[in-house]
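Overview (structure and organization)
Now for the letters of each chain:
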Amino acid sequence: MTGSPILFDRVSKNFGEVAAVVDLDFAVQPGRVTGFLGPNGAGKTTSLRILLGLVAASAGTATIGGDAYLRLRHPMRSVGSTLEVSFHPGLTGRGHLRVVTAATGIDRSRVDAVLEQVGMSEHADRRIGGYSMGMRQRLGLATALLGDPGVLVLDEPINGLDPEGIRWIRGLLRTLADEGRTILLSSHLLTEVQQTVDDVVVIASGRQRYVGPLAALGASTGPATVVDAADRRALAAVLTLEGHEPVIGPDGLTVTGLDPDAVGRLALAAGIPLRALGARSGGLEDDFLALVSEPDAPDAPAEEVAP
Amino acid sequence: MTTYLRSLASEFAKVFQTRLWWLLAIILVGYVGTAAGGIALAFAFAPEAMSAPGAGLPVGDALAPLVYSMASATGFVFPVILGAISVTSEVRHRTLTTTFTAIPRRGIVLAGKATVGLVMGAMLGVLAFVASVGLGALALGLGDIDTRLGESDIWAMIARGVLAMALWGFVGVGLGVMVPSQIGSIVAILAFTQFIEPLVRLAGGLIEPLGEVVKFLPGASGDALVGASFYTLMGGAGIELEWWQGALLLAGYGLLFLLIGRATFWRRDVT
């Protein structure tokens, strides 16, 4: 199983006067889990809908293995997707999957297989109207997996899952990626997918802010250090004098753009005794928030995601 | 072609795996059966004076076709609703996303829905005529009036009635895609078929220039196709078109609605 790469090539979309997505330009590689991250309203869902041919781009093209979704010969056998966990409430879970197999020509034996795979076999003959959000998520995932596709596009797949469900879907996505599939999933919370994704695409206000490996996300805003001293005011004065902007918090001062070594040397030179010094922990989330909250940041340089 | 057949199979699966079609079928059969049986009884046992020549009411041979055609004359709104809901429920339950990712060629999805609208309309038509002919003939028999069930003319009328119901299902799909809001389209269907068109047709019987236009209305086309109508009883404009003209006109309405919907709502972004 080898998935095809997904390519957004200078994709923009305007809804009337509103620019929902501006110049998205990135690739998503097979064999990796790519997180598509951004706050609510950042344009994630619009981008995924453009990829699946549900929304027409105002400019640019989004392709899967070089083809637009609308031109794929067997769309659901090439790309599995859940953009909407909405179903006809009067259908049973199994009935919904049968409607989809009828529409796509996918073998009906797959219905039981995917129900089993997502752990929904025992609920399959109940009406979807009575399903919980977590069960809908699982049914959505079952729909995406029906065609055993090489590419999976999942919009907020973790939303509404209980902790056990979250652990389960992490394992499943990892397995699917290890099989060589291309996996693109969106989320508005980095922490939610941090343990799952290899690469991230961060967008805010419709523009991409970062594209690259998750591990390098922190590097994009530089290092950050938390430092504390008995005399915080003197320490802050020294750092400010050197052109930095320390922020006073409960644990001391946070300085971005300096590593602990550099901060320690500055304090030593100024003769200020320190009571704590270290790299900021939990920095990934802060870096993510910093990325998405910059009001009009210039586009981050679009690196190719390493295969 | 394969894609069209798949669209058809999936649309049939949507209909038969949910409850709406048989709920509508039960109500339709009950409604049409009661109406046909009731009217047959009312006329069969009407006082002499009412059925005297010149009173304008159907007597003898004219009664049977009127009773049987109640199936389509009063039941036609059921296939329209079933057809319209096949589109509007996708909007209401936000399932167009799944439908269009499974079959990205939207025109083919719509062709599938239109075909299913026709077939389901025909099926409801058969059920409705079973009810109207069954209970109607029983009531006529009780009143010692000829049921005329041995005549080919009557069976030809019943066949045209089933065709009319099929076309009404097709019109419903067109209406649904033209007015994709579920409440909006159902209100439009009820307001037009139960209120606006009946009033205009009654008025058409009184105001001559209006009568020329009235015969082209959807309901009048349907009545022309079946060849019997309750409105002729009520002093409204009579049937002036040939049955095949009525059929073409009704199909034309469906096609017009479908094309309008295809060019507007159906090609828009699904957000």
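The rules we used
Residues numbered from 1 in each chain as written. Chains lettered and ligands numbered in written order. Predicted model: local features only at pLDDT ≥ 70, side-chain atom pairs only at ≥ 80, totals over all residues. Heavy atoms only, no water. Domains from an automatic or database assignment. Contact = heavy atoms within 4.5 Å. Buried area = accessible area lost by both parts, 1.4 Å probe. Pairing = 2+ DSSP bridges. Helix = DSSP H or I, 4+ residues; strand = E, 2+ residues; numbered from the N terminus. Salt bridge = Lys/Arg side-chain N within 4 Å of Asp/Glu carboxyl O. Buried < 20%, exposed > 50% of the residue type's maximum accessible area, 1.4 Å probe, protein only. Axes fitted to C-alpha atoms, helices over the stretch in contact; angles between N-to-C directions. Polar contact = N/O pair within 3.5 Å; in protein donor to acceptor, adjacent residues only side chain to side chain. Nonpolar A, V, L, I, M, F, W, Y, C, P; charged D, E, K, R; others polar. Parallel < 35°, antiparallel > 145°, perpendicular 65-115°, else oblique. Expected span 1.5 Å × (residues − 1). Phe/Tyr/Trp six-rings, centres within 6.5 Å; stacked < 30°, edge-to-face > 60°. Lys NZ or Arg CZ within 6 Å of the ring centre and 35° of its normal.

1. Remarks on the domain arrangement of chain A
All names here are of chain A. Split by domain assignment, chain A resolves into domain 1 (6-213) and domain 2 (222-292). Relative placement of domain 1 and domain 2: their C-alpha centres are 40 Å apart. The partner domain 2 presents five residues to the 12 residues of domain 1 that form the contact. With both sides pooled, the region where domain 1 packs onto domain 2 buries about 690 Å², and carbon together with sulfur makes up 74% of that total.

2. Some thoughts on the pairing of strand β1 (residues 6-15) of chain A
The sheet contact formed by β1(A) and strand β4 (residues 59-64) of chain A spans five bridges and is antiparallel. Paired with A:Asp9 across the strands is A:Thr61, a residue of β4(A).

3. Topic: the pairing of strand β2 (residues 18-28) of chain A
When β1(A) meets β2(A), the two strands line up antiparallel, connected through seven bridges. In the strand pairing of β2(A), A:Phe15 is matched with A:Val18.

4. Things to note about the pattern of salt bridges
All names here are of chain A. Across all of its chains, the model carries 21 salt bridges over all chains by this definition. With a closest N to O distance of 3.5 Å, Asp-178 and Arg-174 form a salt bridge. Highlighted residues: Asp-178 and Arg-174, both in helix α6 (residues 163-178), separated by four residues, approximately one helical turn. Residue class for Asp-178 comes out exposed when judged on its relative accessible area of 56%. What makes Arg-174 partly exposed here is its relative accessible area of 28%. Across the pair Arg-181 and Glu-179 runs a salt bridge whose closest N-O atoms are separated by 2.6 Å. Given the relative accessible area of 8%, Arg-181 is considered buried.

5. Topic: the sheet that holds strand β13 (residues 274-279) of chain A
Within a sheet, each strand pairs with its neighbour through backbone hydrogen bonds, oriented either parallel or antiparallel. Residue and element names in this part refer to chain A. Taken in spatial order, the four strands line up as β11-β12-β10-β13 in an open sheet, and their pairing is antiparallel. Two strands close off the open sheet at either side, each with one partner strand: β11 (247-249) and β13. Averaged over all pairs of adjacent strands, the angle between their axes in this sheet comes to 25 degrees, without regard to strand direction. Relative to β13, strand β10 (residues 224-229) runs antiparallel, the two sharing five bridges. Its bridge partner lying in β13, Val-226 is registered against Gly-278. Of the strands in this sheet, β10, β11, β12 (252-256) and β13 are in contact with helix α8 (residues 232-241), which crosses β10 at around 140 degrees. On the sheet, helix α9 (residues 260-270) packs against β10 and β13 and is oriented at approximately 155 degrees with respect to β13.

6. A short note on the interface of chain B and chain A
Taken together, the contact pairs 24 residues of chain B with 33 residues of chain A. Carbon and sulfur atoms make up 60% of the area that chain B and chain A hide from each other, which totals about 2300 Å². When the buried surface of chain B facing chain A is broken down by residue, B:Arg6, B:Gln17 and B:Thr101 rank first, second and third, together holding 23% of it. Linking chain B with chain A are two salt bridges. Between A:Lys13 and B:Asp269 there is a salt bridge whose closest N-O contact spans 2.7 Å. In this structure, the connection of chain B to chain A is made through 10 residue pairs in polar contact (both at pLDDT 80 or more). When residues of the side of chain B that touches chain A are traced back to their parent elements, those giving at least two are α1 (2-16) and α6 (96-102) of chain B. Here the side of chain B that touches chain A is composed, by residue class, of seven nonpolar, 10 polar and seven charged.

7. As for the packing of helix α2 (residues 20-44) of chain B against helix α5 (residues 77-92) of chain B
Residues and elements named next belong to chain B. One can describe the packing of α2 onto α5 by two numbers: an axis separation of 10 Å at closest approach and a directional angle of 170 degrees. Comparing the axis directions of α2 and α5 gives the class roughly antiparallel. Contacts from Leu-20, Trp-21, Leu-24, Ile-27, Leu-28 and Tyr-31 in α2 reach Phe-78, Ile-81, Leu-82 and Ile-85 in α5. Grouping the constituent residues of the contact of α2 with α5 by class yields 10 nonpolar, no polar and no charged.

8. Here we look at unusual backbone geometry
Positive phi, close to 50 degrees, is recorded for A:Glu156, a residue that is not glycine. Position of A:Glu156 among the secondary structure elements: in the loop between β6 (151-155) and α6. What makes A:Glu156 buried here is its relative accessible area of 11%. A positive phi angle, close to 60 degrees, is found at B:Arg148, a residue other than glycine. Mapped onto the elements of the fold, B:Arg148 is located in the loop between α7 (106-142) and α8 (152-178).

9. Describing α1(B)
Between the first and last C-alpha of α1(B) there are 21 Å, a value that for 15 residues agrees with the 21 Å anticipated at 1.5 Å per step. All of the buried residues along α1(B) are B:Ser7, B:Leu8, B:Ser10, B:Glu11, B:Ala13, B:Lys14 and B:Val15.

10. Describing the packing of aromatic side chains
If you walk through the whole model with that rule in mind, you get nine aromatic pairs over all chains. When the centroid spacing of 4.7 Å and the interplanar angle of 25 degrees are considered together, the rings of A:Phe8 and A:Phe26 count as stacked. On the criterion of sequence distance, the pair formed by A:Phe8 in strand β1 and A:Phe26 in strand β2 is long-range, its members being 18 residues apart. The pair A:Phe8 / A:Phe26 is uniform in exposure class, with both members buried. Between B:Phe16 and B:Trp21, the ring centres sit 5.2 Å apart and the planes meet at 80 degrees, which makes this aromatic pair edge-to-face. Relative accessible area serves as the criterion here: at 18%, B:Trp21 is assigned to the buried category. Aromatic ring contacts, followed pair by pair, group A:Phe8, A:Phe26 and A:Phe36 into a single cluster. For A:Arg138, the ring lying beneath its charged end belongs to A:Trp168, and the centroid distance is 4.4 Å.

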